Amino acid sequence: MSQWKQIQQLEIRLLEQVDYLYDDNFPMDIRQGLASWIESQDWDTAVNDESMAGVLFTNLLTQLERVRSQEQNFLQRHNMKIIQQQLQLKYATNPAVMARVISTCLREERRILSSACMQEQGPLEKSLQNSVAFERQKNMDNRVGIIRGSVQLMDQAVKYIEDMQDDFDFRYKTLQSRESTDRNSDVMKQEVTRLQEMLNRLDFKRKEILSKMDVVIKEIDDLMTSQLNPELQDWKRRQQIAAIGGPLLTGLEQLQSWFTLTAQSLFQIKRQLDKLGELVVKVTYESDPIPLQKPQMEERVKYLIYHLIKSSFVVEKQPCMPTHPQKPLIIKTGVQFTTKVRLLVKLPEVDYQLKVKTTFDKDLPPGRVRQFFILTNNTKVMDIEDYSNGCLSVEFRHLQLKEKKYINGTKGNEGLLSVTEELHSLSFEACFTVQGLTIDLETCSLPLVVISNVSQLPGGWASVMWYNLLTDEPRNLAFFGNPPRASWSQLSEVLSWQFSTFAGRGLNKEQLTMLGEKLFGQHASCSDYQVSWSKFSKENIPGKPFSFWMWLDSILELIKKHLLPVWNENYIMGFVSKEMERALLKDKEPGTFLLRFSESHLGGITFTWVEHGDNGEVKFNSVEPYTKNRLSALPFADIIRDYKVISDGVVPENPLKFLYPDIPKDEAFGRLYNSQPSKVHPYIPSTLIPISEMRSNASTTPRSCQSPEPPMTPGEFDMLNEHLCFDIDTVSLHYCT
């Protein structure tokens, strides 16, 4: 079943999350009309490959044209034509942006499908949904709108005062121009009285507008303190969670709107104060409120503008290597990485080009030995992006790190931290002047892990997950000096995200419980059980030469590269102990088998099947785990189909009949079998057949059947051929004693 068909079967609550994914950047009409084609393309690779993204963009427009030409409904055809035109305007010059949008939507769909498998949401996801509650956003929209309305009314009030003052000024100068003999007349006295009334009215209006300004400025100050800054911090926290596989990061456009509207209100108030200053030059008087109150109000407005713009300088895209788009915040020396910063405020004017400079490890913690510098150009100019509503941003696409040379040949970390526990930071700085106000901008990335060898990637990703799971501090580079513990409820949710991100389907409650038992035994059912960093990533599992995370990461790699179809069909039980395995199989039909990951091998999968003896004795048989080397030669579904067992000279047969609990093997895996190779003359086609030898040793304990390694020798082949009742001259057998 396609991913889109699965999506359409979700309950309303989850469908609302799906609806939130699609907008003008990627309309749902396209997702619906081109579902199969979209899912068959490699959008993840296209994100970092401009030429591939261009080809996909062209193909998408072609597919849209094909669907539009077949559409019978006139209105639908019209709508699709509009969509085509909008896509061309948005992405023709930068198709990689379109690839990123579609890749993100597909990934988030998989996460939503994964969450549907779990009986309840994890604590992190619940907290994130609460933090972006619709009511709070609605309140923010209303409040920003009210402020904008008040500022617009103040514009009208200032204009009214200007007109009133011009009238007063004209009458006053007219009165002054009259002959001195007329000044004692009754008409003159009436005119003086009228002027005094006008001045009193002008004074009242000046005090009134200043009072209104004061109220609005306080309202903006409170808005920034109590709502806008917390919303920004909430977005940054959600960015952390999204970086480690959590829910799709959204809300930046909304934040940008709030920041820009608030900034526009402040700039407008600043212009209004400037206008009042001009009015004072023309007309002032004793106890004039403008000279008394304007300077203080101007300082407050400048202060708010400064801090609003300064806080609006954010890292939109955290540093990430294009080779590992789903593992941001890990940088390998000598490998290019990308990052992007954005200014959330749409500026009315900038006096010169806004240059952004990047610096690596600007302020290192004391005692840090490993140091790096940016090898490539580290300065770029911010540009206005068409699809960001006029806001400034800059993307660094070709940054590269190099490690500094060390005095006396010493190198590396002399402290207690490992390479993957050392945290680093990428800083961004800029300075510009807007409306006479000079503003220094500075922001930094989330902490980074720098590796020199790809073998350090799993350890680096463990550090990235642990940091961003447990703290919202933007730059605690000494975090792993004393890393906090994680509750199992937190950690299990993040582990499930890893499977939904890298393998397409997350873990259900039963699988997470099995993982918990693997990590800390009987406490697995306790969601508040605390897991230490060392137990998760550094200490070896008892009796094994690897840690819990290394074991789990190797399974993720195995699924991603060799088991995706089987995993996404939910055919792999995965995490189950041998004891539980026997309990599940003992009452099942002979030949019933289940698939689980090896507990003794890194990145291994095995299957166990049950047999019943003539005397009712239950026997369990487990094949030696298949690892990436073996699965590279033969797809796992074909192994299930062709697997044979030789036992005491009996003709080889496939003991695998039913996938647990009772699904016929071919019904489960039939769609995943590779078709038989076509004959290519002059060669006779060959087929790899996995065979295990089972020696007679009656026992109710699992018997280990070694899985195939090298092809058998010609002598072994002849001996086996004598005992078979069919011709295998065209079949290449694998056999292992």
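Definitions and cut-offs
- Residues numbered from 1 in each chain as written.
- Predicted model: local features only at pLDDT ≥ 70, side-chain atom pairs only at ≥ 80, totals over all residues.
- Heavy atoms only, no water.
- UniProt positions renumbered as here; feature names shortened; annotations may be inferred.
- Helix = DSSP H or I, 4+ residues; strand = E, 2+ residues; numbered from the N terminus.
- Buried < 20%, exposed > 50% of the residue type's maximum accessible area, 1.4 Å probe, protein only.
- Contact = heavy atoms within 4.5 Å.
- Areas by Shrake-Rupley, 256 points an atom, 1.4 Å probe, with all protein chains shown as cover.
- Pairing = 2+ DSSP bridges.
- Axes fitted to C-alpha atoms, helices over the stretch in contact; angles between N-to-C directions.
- Parallel < 35°, antiparallel > 145°, perpendicular 65-115°, else oblique.
- Left-handed = near helix turned anticlockwise from the far one by under 90°.
- Nonpolar A, V, L, I, M, F, W, Y, C, P; charged D, E, K, R; others polar.
- Phe/Tyr/Trp six-rings, centres within 6.5 Å; stacked < 30°, edge-to-face > 60°.
- Lys NZ or Arg CZ within 6 Å of the ring centre and 35° of its normal.
- Salt bridge = Lys/Arg side-chain N within 4 Å of Asp/Glu carboxyl O.
- Core = buried A, V, L, I, M, F, W, Y, C linked by side-chain atoms within 4.5 Å.
- Expected span 1.5 Å × (residues − 1).
- Bend = angle between axes of the 7 residues up to and from the residue.
- Polar contact = N/O pair within 3.5 Å; in protein donor to acceptor, adjacent residues only side chain to side chain.
- pLDDT = per-residue confidence, 0-100.

As annotated in an unreviewed UniProt entry, the protein is Signal transducer and activator of transcription from Maylandia zebra. The Sequence similarities (unreviewed entry) field of the UniProt record for the protein holds the comment "Belongs to the transcription factor STAT family."

Visitor: How should I be thinking about the overall build of the protein in this particular structure?
Guide: Helices and strands together make up the secondary structure of the protein, namely 23 helices and 23 strands. Residues counted as buried form 49% of the 737 residues belonging to the protein. For the protein, long-range pairs separated by at least 24 residues make up 72% of all intrachain contacts whose partners lie at least 6 apart in sequence. For the protein, the exposed surface amounts to about 35,600 Å²; the carbon and sulfur share of it is 51%.

Visitor: What am I meant to see in the pairing of strand β1 (residues 313-320) here?
Guide: Residues in a regular strand project their side chains so that they alternate between the two faces of the sheet. Within β1, 7 of the 8 residues are buried, which leaves the element mostly enclosed by the surrounding structure. One ladder, built from 5 bridges, connects β1 with strand β3 (residues 337-343); its direction is antiparallel. Paired with V314 across the strands is R342, a residue of β3.

Visitor: It is not clear to me how the packing of helix α11 (residues 186-243) against helix α14 (residues 457-470) should be interpreted in this structure. Could you clarify?
Guide: Describing two packed helices takes the angle between their axes plus the distance from one axis to the other. Between α11 and α14, whose axes approach to 9 Å, the crossing angle comes to 150°. Looking at the two axes, α11 sits roughly antiparallel to α14. Pair α11 / α14 crosses with left-handed handedness. Along the contact surface, α11 presents R237, Q240, I241 and A243, while α14 presents W461, Y467, N468, L469 and L470. Among the residues forming the contact of α11 with α14, the class breakdown is 6 nonpolar, 2 polar and 1 charged.

Visitor: I keep staring at the sheet that holds strand β8 (residues 392-399) and nothing clicks. Help me out?
Guide: In a beta sheet, neighbouring strands pair by backbone hydrogen bonds and run either parallel or antiparallel. The antiparallel open sheet is built from 4 strands, whose spatial order is β1-β3-β8-β7. On the outer flanks of this sheet lie β1 and β7 (383-384), each paired with one strand and no other.

Visitor: Which parts of the structure should I look at to understand the packing of aromatic side chains?
Guide: The relative placement of two aromatic rings is captured by the distance of their centres and the angle of their planes. Enumeration according to the criterion identifies 29 aromatic pairs in this entry. With a centroid separation of 6.0 Å and 15° between ring planes, the pair formed by F168 and Y172 is classed as stacked. With F168 and Y172 both in helix α10 (residues 134-177) and 4 residues apart, the pair spans about one turn of that helix. Relative accessible area serves as the criterion here: at 37%, Y172 is assigned to the partly exposed category. Seen in terms of ring centroids, F396 and F428 are 6.2 Å apart; in terms of plane orientation they differ by 40°. Their pairing is tilted. Within this pair, whereas F396 is found in strand β8, its partner F428 is found in strand β10 (residues 426-434), the two being separated by 32 residues in sequence. Judged by relative accessible area, which is 0%, F428 ranks as buried. Here K327 stacks its cationic end above the ring of F502, 5.3 Å away from the centre of that ring.

Visitor: Whenever I open this one, the pattern of salt bridges confuses me. Can you help?
Guide: Counting across every chain of the model gives 40 salt bridges. A salt bridge links K218 to D214, with the nearest nitrogen and oxygen atoms 3.3 Å apart. Of this pair, K218 and D214 are both found in helix α11, 4 residues apart, which corresponds to roughly one turn of the helix. Among the residues examined, D214 registers a relative accessible area of 22% and is labelled partly exposed. It is possible to trace a salt-bridge network through shared partners that takes in E50, R100, K317, E395 and R397.

Visitor: What should I look at first to understand the packing of helix α15 (residues 488-502) against helix α18 (residues 548-568) in this one?
Guide: α18 packs onto α15 with a crossing angle of 35° between their chain directions and a minimal axis gap of 10 Å. Relative to α18, the crossing made by α15 is right-handed. Along the contact surface, α15 presents L495, Q498, F499 and F502, while α18 presents F548, W549, L552, I555, L556, I559, K560, L564 and W567. When grouped by side-chain class, the residues that make up the contact of α15 with α18 number 11 nonpolar, 1 polar and 1 charged.

Visitor: What is the right way to look at the nonpolar core in this model?
Guide: One recurring pattern in soluble globular proteins is that nonpolar side chains are buried together. With 162 residues, the main nonpolar core has I309, F536, L595, F607, F636 and F669 as its most contacted residues. A total of 18 residues in this core trace back to one element, the largest contributor, which is α11. Setting aside chain neighbours within four positions, we find I309 in contact with F267, L343, V345, L347, F432, V434, I439 and L441. Of all hydrophobic cores here, the second largest spans 36 residues; its members include W4, L61, A96 and I112.

Visitor: Any chance you could explain α18 here in plain terms?
Guide: In an α-helix, one turn spans 3.6 residues, which is why side chains three or four residues apart end up on the same side. The end-to-end C-alpha distance of α18, which contains 21 residues, comes to just 23 Å, noticeably less than the 30 Å that a straight helix rising 1.5 Å per residue would cover. Along α18, the largest kink reaches about 90° and is centred on H562; proline P565 follows within four residues of it. One or two steps after α18, the chain reaches N570, where phi turns positive at roughly 65°.

Visitor: Could you clarify how one ought to interpret the sheet that holds β10 in this entry?
Guide: In space, the 4 strands of this open sheet follow the order β6-β4-β10-β11, with antiparallel pairing throughout. At either end of the open sheet lies a strand with only one pairing partner, and these are β6 (379-381) and β11 (437-444). Direction aside, neighbouring strands of the sheet carry axes that sit 20° apart on average. Where strand β4 (residues 355-360) and β10 come together, 4 bridges link them in antiparallel fashion. Paired with K357 across the bridge in β10 is E429.

Visitor: So what exactly am I meant to see when it comes to the side chain of E162 here?
Guide: As for its placement among the helices and strands, E162 is situated in helix α10. Of note is the side chain of E162, whose polar atom sits 3.0 Å from the side chain of K275. Dropping the residues within four chain positions of it, E162 is found in contact with K275 and L279.

Visitor: Can you help me understand the environment of K310 in this one?
Guide: Among the secondary structure elements, K310 is positioned in helix α13 (residues 289-311). When the C-alpha atoms of K310 and I439 are compared, they prove to be 7.2 Å apart, with 129 residues separating the residues in sequence.

Visitor: Where do I start with the environment of I663 in this structure?
Guide: By secondary structure assignment, the location of I663 is in strand β20 (residues 663-664). Residues I663 and F593, spaced 70 residues apart in sequence, show a C-alpha to C-alpha distance of 9.8 Å. Residue contacts for I663: discarding those within four places in its chain leaves K657, F658 and A668.

Visitor: Got a minute to help me understand the confidence of the model for the protein in this structure?
Guide: Low pLDDT marks regions whose predicted coordinates should not be analysed in detail. Summarising the model, the protein shows a mean pLDDT of 81, and 82% of its residues fall at 70 or more. Per-residue pLDDT stays below 50 along residues 706-737; that stretch engages in 68 contacts with residues further than four places along the chain or on separate chains.

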